[in-house]
Amino acid sequence: VNLSARASRVCSQGDIMLSTPADVKSLQLRFLEQLGMANDRRERKNTLQTRRECVDMGRALDLLKRGVCMIDEVDLVLHPLKSELN
């Protein structure tokens, strides 16, 4: 089962998805890497599988973007020197 299908199932059932900021950032960076490979015609890794993974990750990121975020330890997240989110 692909990532976007799992995230979609969580949304449709009203369940909760837990993640760390590092995991979300990793997904975003992997998506950008795959997107670059999928758009480069000369890239050897530009395969149908790469393009499918790119679409799947894009759908999963879109679901995360439309979701509600609950943050634990908000004092660390909002601290300008300790957070990658700022």
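Computed from a predicted model, the values in this text were never measured in an experiment.

### Describing the pattern of salt bridges
Turning to step 1, where the next piece is worked out: On inspection of all chains with the given rule, the structure shows three salt bridges.
Turning to step 2, where the next piece is worked out: The salt bridge involving Glu33 is made with Arg30; its shortest N-O contact spans 2.9 Å. Of this pair, Glu33 and Arg30 both sit in helix α2 (residues 21-39), three residues apart, which is roughly one turn of that helix.
Turning to step 3, where the next piece is worked out: Here Arg30 falls in the partly exposed class, since its relative accessible area comes to 38%.
Turning to step 4, where the next piece is worked out: Salt-bridge contacts for Asp40 lead to Arg42; the nearest nitrogen and oxygen are separated by 3.7 Å.
Turning to step 5, where the next piece is worked out: Its relative accessible area of 76% is what places Arg42 among the exposed residues.

### Concerning the nonpolar core
Turning to step 1, where the next piece is worked out: Listed in full, the five residues of the largest apolar core are Leu27, Phe31, Cys54, Met57 and Leu61.
Turning to step 2, where the next piece is worked out: Ranked by residues supplied to this core, first place goes to helix α3 (residues 48-66) with three residues.

### With respect to α2
Turning to step 1, where the next piece is worked out: In this model α2 runs 27 Å from its N-terminal to its C-terminal C-alpha over 19 residues, within 8% of the 27 Å that 1.5 Å per residue would give.
Turning to step 2, where the next piece is worked out: Along α2, the residues classified as buried are Leu27, Phe31, Gln34, Met37 and Ala38. Projected down its long axis, α2 shows its buried positions confined to an angular sector of 130 degrees, all on one face. Exposed residues on α2 whose side chains face more than 90 degrees from its buried face are Pro21, Ala22, Leu29, Leu32 and Asn39.

### Side note on the environment of Arg52
Turning to step 1, where the next piece is worked out: For Arg52, the location among the structural elements is in helix α3.
Turning to step 2, where the next piece is worked out: Arg52 sits in the exposed class, given a relative accessible area of 53%.
Turning to step 3, where the next piece is worked out: Measuring from C-alpha to C-alpha, the distance between Arg52 and Ala38 comes to 9.3 Å, with 14 residues separating the pair along the chain.

Reading guide: rules and limits
Residues numbered from 1 in each chain as written. Predicted model: local features only at pLDDT ≥ 70, side-chain atom pairs only at ≥ 80, totals over all residues. Heavy atoms only, no water. Salt bridge = Lys/Arg side-chain N within 4 Å of Asp/Glu carboxyl O. Helix = DSSP H or I, 4+ residues; strand = E, 2+ residues; numbered from the N terminus. Buried < 20%, exposed > 50% of the residue type's maximum accessible area, 1.4 Å probe, protein only. Core = buried A, V, L, I, M, F, W, Y, C linked by side-chain atoms within 4.5 Å. Expected span 1.5 Å × (residues − 1). Arc of directions from axis to C-beta.

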